[in-house]
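Given next are the chains, with one letter for each unit.
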Amino acid sequence: MAENAVTGTPEEMSGDGVRRRDFINIAAVSAAGVGGVAVLVPLISQMAPSADVLAASSTEVDISSIQPGQAVKAVFRKQPVFIKHLTAKEIAAADAVNVGSLRDPQSLDERVKEGHREWLITMGVCTHLGCVPLGAGEGENKGEYGGYFCPCHGSHYDTAGRIRKGPAPTNLEVPEYEFTSDTIVQIG
Amino acid sequence: MSFPWAKEYQPSHPTMRWLDEKLPLPRLVYNAIGAGYPVPRNLNYFWNFGVLAGFCLMLQIVTGIILAMHYAPNALVAFDSTEHIMRDVNWGWMMRYAHANGASAFFVVVYIHIFRGLFFSSYKAPREMIWLLGVVIFLLMMATAFMGYVLPWGQMSFWGAKVITGLFSAIPLVGEPLQTWLLGGFAPDNAALNRFFSLHYLLPFVIAGVVILHIWALHIPGSSNPTGVEVKTAADTVPFHPYYTAKDGFGLGVFLILYCAVLFFAPNALGHPDNYIPANPMSTPAHIVPEWYFWPFYAILRAFTQDFLFIPAKLMGVIAMFASILVWFFLPWLDRSPVRSGIYRPLFRKFFWFGLIPAMAVLFYCGGAPAEEPFVMLSQIASLYYFAHFLIILPIVSAIERPDPLPYSITEKVLGEDENSALAPSAVPVEKSDAAPAAS
């Protein structure tokens, strides 16, 4: 009986020479293969951020007490966010730059909300390798362009948080946020 | 597997004979590191470092398992549990210092082991597989050491984790999601700490597995030797035991003196004080550098400050850093000279001592220095030489070099050219064969 299966009697052959055993082999290996690949989905996605980590990804900040020229560090997704109240001078300095000459060309208006030009809200995470730049705190080094300076590998950001010098490839990231009132910002 | 003149395992005790029939484990040991493994008679002290590396791996596994009994891999308590080990656990301070400095010792030993391989061309046929497996072990060691450094959850731990996983964010398109996936969050946190602990416990056993393959591959052609001339006759070899067990034992004693000197008298000399500050995601330490054993590669990472065509500087640095180790995989085919030992290669030797070694020393120094001039420019020059050495200089040197004449055999090199003394050592008085090496 087994002999027949191996050699293949004429009855078992269909027109194109496919034996029943070939079909069983292909079907079995395919089913096992699909199952094996399907198992990879949970094995891989268990490493992605868990529900509680994702749930903590929205923050409200009261900005009423931040004076022009000051900045605060808020926490968003366990990372610092810089909320900076720009002075007229800093806005003028940001507007004076020829956007085309920048590594990551963006005007100040593209980086702030309409009607809130004086509020620059960016991640406090250097786009090079993720250090926290200096410049938000009182008396910290603001770098050569008066914005932020990352001490790890020497990236300089200007008053609009745009990369001007050093290894970072892009401007400081602007997170999703909105003004829920004139004094409350909801980030995320 | 071995030379035909290797001694055969012949157990005399009935119990051992019984065991040999059922499970020939003692036979395996006898043939691997006992009298049944003939080894070239002329190995110098550079050949001690493989055994020392194996010892370091065992040291790290033993101290690491002990530390894991007292450590808690949770971001809330990881730092405190490390301090608990240091202050409250009986001998905990010694276990942790032994483990932390054991990592440094492991890298010292492995770097000398790699240096030996580079100078004496241990990577050449028929030993390519040993070399390739060695590079795999080194990569696994780097990953293990990095994840272990994160576990105390101090400032350097945290920011090291952030910067190193940040390397992956340089990859176009998938980089950012990949980093988030690796960390299990948007920044290093409990999820990252837990998985690093899990992998830090796993990888040493993976390393032990690859080490077994490394030694298995070694025992097929047998050890190389300082002349680079292959073993020809039984006179070229001595049994591993007792000759090299004794020599390795002596080397181990010297190693342990140095290791214990650091462990007991300067246990924090190689660490960073900042790592005794609990992790703070809101503030980066002013000067973050990795542990000393990553400095040369860190310098290569930071050497790229300009975008190149469409490739951003950040990606270039990451590619170069990985390439600086991956280039070792191609070494057996880049260096085409049939002569192995650097001793007989005058031109290779010049580039090795006056090119590669100074370049690596500069990279090492710059990797630990702040990211400012002149260190950035020095790293750029040294990185350039480093790659040029492997990709341009070695192939050219091996093509144009005229090597010095090689000895006919290991025995001739050791005992001199006297045919009688070389081929019939038993016929020669002892003091004569003792005097001969000094003359050669």
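Small disclaimer: the values here were computed from a predicted structure and weren't measured.

Engineer: Would you take a moment to explain the overall build of chain A for this structure?
Structural biologist: A count of helices and strands for chain A gives five helices and nine strands. For chain A, the N- to C-terminal ordering of α and β elements is α-α-α-β-β-β-α-α-β-β-β-β-β-β. Taking 16 Å as the expected radius of gyration for a compact globule of 188 residues, we find that chain A reaches 29 Å, considerably beyond that expectation. Expressed along its principal axes, the backbone C-alpha trace of chain A runs to roughly 90 × 35 × 30 Å. Relative to its full complement of 188 residues, chain A shows a buried share of 38%. Within chain A, contacts between residues at least 6 apart in sequence are counted, and of these 50% link residues at least 24 apart. Carbon and sulfur atoms make up 56% of the accessible area of chain A, which amounts to about 10000 Å² in all. Charged side chains in chain A number 16 positive and 23 negative. The centres of these two groups are separated by 7 Å.

Engineer: What is the right way to look at the overall build of chain B in this model?
Structural biologist: Assigned secondary structure in chain B consists of 18 helices and two strands. Computed over its C-alpha atoms, the radius of gyration of chain B comes to 25 Å, within 12% of the 22 Å expected for a compact globule of 440 residues. Considering only C-alpha atoms, chain B reaches an extent of 80 × 60 × 40 Å along its principal axes. Split into buried and exposed, the 440 residues of chain B put 51% on the buried side. A total accessible area of about 21100 Å² is found for chain B, and carbon and sulfur atoms account for 72% of it. Of the charged side chains in chain B, 24 are positive and 26 negative; the average position of the first set lies 4 Å away from that of the second.

Engineer: What exactly am I supposed to notice about the sheet that holds strand β4 (residues 119-123) of chain A here?
Structural biologist: Strands belonging to one sheet form pairs held by backbone hydrogen bonds; the direction of such a pair is parallel or antiparallel. Residues and elements named next belong to chain A. Spatially, three strands are ordered β2-β3-β4 in an open sheet, and the strand pairing comes out antiparallel. Edge positions in the sheet fall to β2 (71-76) and β4, since each of these pairs with one other strand and no more. Looking at each pair of strands side by side, their axes are set apart by 25 degrees on average, direction ignored. Two elements, β2 and strand β3 (residues 79-85), share six bridges in a ladder whose sense is antiparallel. Looking at the pairing, Ala-71 lines up with Lys-84 of β3.

Engineer: Help me understand the interface of chain A and chain B in this model?
Structural biologist: Interface extent is often summarised as the accessible area lost during association of the parts. Each side of the interface is counted separately: chain A has 28 residues, and chain B has 27 residues. Counting each side, the surface lost to burial between chain A and chain B is near 2300 Å², with a carbon and sulfur contribution of 66%. The largest contributions to the chain A side of the interface with chain B come from Met-47, Lys-78 and Leu-129 of chain A, which together make up 28% of the buried area. Along the contact surface separating chain A from chain B lie one salt bridge. Where chain A packs against chain B, one counts nine residue pairs in polar contact (both at pLDDT 80 or more). Put simply, the parts of the chain that give the side of chain A that touches chain B at least two residues each are α3 (51-55), β2 and β3 of chain A.

Engineer: Before we go on, may I ask you to explain helix α3 (residues 49-68) of chain B in this structure?
Structural biologist: What sets the pattern is the α-helix's 3.6 residues per turn: residues three or four places apart point alike. All names here are of chain B. Helix length check: α3, at 20 residues, gives a terminal C-alpha distance of 28 Å against a target of 28 Å (1.5 Å per residue), a fit within 8%. Listing the buried residues of α3 in full gives Phe-49, Leu-52, Ala-53, Cys-56, Leu-57, Leu-59, Gln-60, Ile-61, Thr-63, Gly-64 and Leu-67. Summarising the contacts, the buried residues of α3 are in contact with α4 (78-87), α5 (92-119), α9 (190-219) and α10 (240-265).

Engineer: Help me out: how do you make sense of the side chain of Thr-82 of chain B in this one?
Structural biologist: Summarising the element assignment, Thr-82 of chain B is placed in helix α4. Thr-82 of chain B has contacts with Tyr-71, Arg-96 and Pro-152 of chain B, leaving out every residue within four places of it along the chain.

Engineer: Is there a simple way to think about the domain arrangement of chain A in this case?
Structural biologist: Domain annotation for chain A reports domain 1 (2-45) and domain 2 (52-187). Each of domain 1 of chain A and domain 2 of chain A has a C-alpha centre, and these two points are 59 Å apart.

Engineer: I keep staring at the UniProt feature "domain: Rieske" (unreviewed entry) in chain A and nothing clicks. Help me out?
Structural biologist: Under the UniProt annotation, "domain: Rieske" (unreviewed entry) lies at residues 88-186 of chain A. In this annotation, residues 88-186 of chain A is assigned 12% helix and 23% strand; the end-to-end C-alpha distance for the span is 24 Å.

Engineer: Would you mind showing me how to read the side chain of Ser-341 of chain B here?
Structural biologist: Residue and element names in this part refer to chain B. On the secondary structure map, Ser-341 appears in the loop between α13 (331-334) and α14 (346-368). Residue classification places Ser-341 among the buried residues on the basis of a relative accessible area of 0%. A distance of 2.7 Å separates the side chain of Ser-341 from the backbone oxygen of Pro-226, its partner in a polar contact. Those residues in contact with Ser-341 that sit more than four places away from it in its chain are Phe-119, Phe-120, Pro-226, Thr-227 and Gly-228.

Engineer: Can you help me understand the sheet that holds strand β7 (residues 163-165) of chain A in this one?
Structural biologist: All names here are of chain A. With respect to topology, three strands assemble into an open sheet ordered β5-β6-β7, the strand pairing being antiparallel. Where the open sheet ends on each side, the last strands, each with one partner, are β5 (146-150) and β7. On average, each strand axis in the sheet is tilted by 35 degrees relative to the strand beside it, whichever way the strands run. Sheet topology note: the β5/strand β6 (residues 155-158) ladder contains four bridges and is antiparallel. Of the residues in β6, the one forming a bridge with Cys-150 is Ser-155.

Engineer: What should I look at first to understand the pairing of β3 of chain A in this one?
Structural biologist: The two faces of a sheet get side chains in turn, since along a regular strand they alternate between them. All names here are of chain A. The buried fraction of β3 is high, at seven of seven residues. Here β3 shows no split at all, with Gln-79, Val-81, Ile-83 and His-85 on one side and Pro-80, Phe-82 and Lys-84 on the other all buried. Hairpin connection between β2 and β3: a loop of two residues separates the two successive antiparallel strands, and Arg-77 in this loop has a positive phi of roughly 55 degrees. Bridge analysis of β3 against β4 gives five bridges, and the strand direction is antiparallel. Bridge assignment links Ile-83 to a residue of β4, and that residue is Ile-121.

Engineer: I keep staring at a nonpolar patch on the surface and nothing clicks. Help me out?
Structural biologist: Residue and element names in this part refer to chain A. Together, Val-37, Val-39, Leu-40, Leu-43 and Ile-44 make up an exposed nonpolar region whose accessible area comes to about 440 Å². Along the chain, the position of Leu-40 falls in helix α2 (residues 20-45). Using a relative accessible area of 42% as the deciding quantity, one classes Leu-40 as partly exposed.

Engineer: For this particular structure, what's the right way to read the nonpolar core?
Structural biologist: Nonpolar side chains in soluble globular proteins tend to end up buried together. Formed by 122 residues in total, the largest nonpolar core has its most connected members in Phe-107, Leu-118, Trp-131, Phe-138, Trp-328, Tyr-386 and Phe-390 of chain B. Ignoring any residue separated from it by four or fewer positions in sequence, one finds Trp-131 of chain B in contact with Ile-114, Gly-117, Leu-118, Tyr-123, Trp-328, Leu-331 and Pro-332 of chain B.

Engineer: I tried to follow unusual backbone geometry on my own but got confused; where do I start?
Structural biologist: Across the chain, the bulk of peptide bonds are trans and the bulk of non-glycine residues have phi less than zero. With an omega of 5 degrees, the peptide bond between Ala-125 of chain B and Pro-126 of chain B qualifies as cis. Checked against the element boundaries, Pro-126 of chain B lands in the loop between α5 and α6 (128-150). In the segment running from His-241 of chain B into Pro-242 of chain B, the intervening peptide bond is cis, with an omega of 10 degrees. Within the fold, Pro-242 of chain B resides in helix α10. Within the chain, Arg-77 of chain A stands out as a residue other than glycine whose phi angle is a positive 55 degrees. Within the secondary structure layout, Arg-77 of chain A lies in the loop between β2 and β3. Positioned with a positive phi, Lys-78 of chain A is a non-glycine residue whose angle comes to about 60 degrees.

Rules behind the numbers
Residues numbered from 1 in each chain as written. Chains lettered and ligands numbered in written order. Predicted model: local features only at pLDDT ≥ 70, side-chain atom pairs only at ≥ 80, totals over all residues. Heavy atoms only, no water. Helix = DSSP H or I, 4+ residues; strand = E, 2+ residues; numbered from the N terminus. Rg over C-alpha atoms; globule rule 2.2 N^0.38 Å. Buried < 20%, exposed > 50% of the residue type's maximum accessible area, 1.4 Å probe, protein only. Contact = heavy atoms within 4.5 Å. Areas by Shrake-Rupley, 256 points an atom, 1.4 Å probe, with all protein chains shown as cover. Lys, Arg positive; Asp, Glu negative; His and termini not counted. Charge placed at Lys NZ, Arg CZ, Asp CG, Glu CD. Pairing = 2+ DSSP bridges. Axes fitted to C-alpha atoms, helices over the stretch in contact; angles between N-to-C directions. Buried area = accessible area lost by both parts, 1.4 Å probe. Salt bridge = Lys/Arg side-chain N within 4 Å of Asp/Glu carboxyl O. Polar contact = N/O pair within 3.5 Å; in protein donor to acceptor, adjacent residues only side chain to side chain. Expected span 1.5 Å × (residues − 1). Domains from an automatic or database assignment. UniProt positions renumbered as here; feature names shortened; annotations may be inferred. Patch = residues over 30% accessible without salt bridge, like charges linked within 9 Å, V, L, I, M, F, W, Y side chains within 5 Å. Core = buried A, V, L, I, M, F, W, Y, C linked by side-chain atoms within 4.5 Å.

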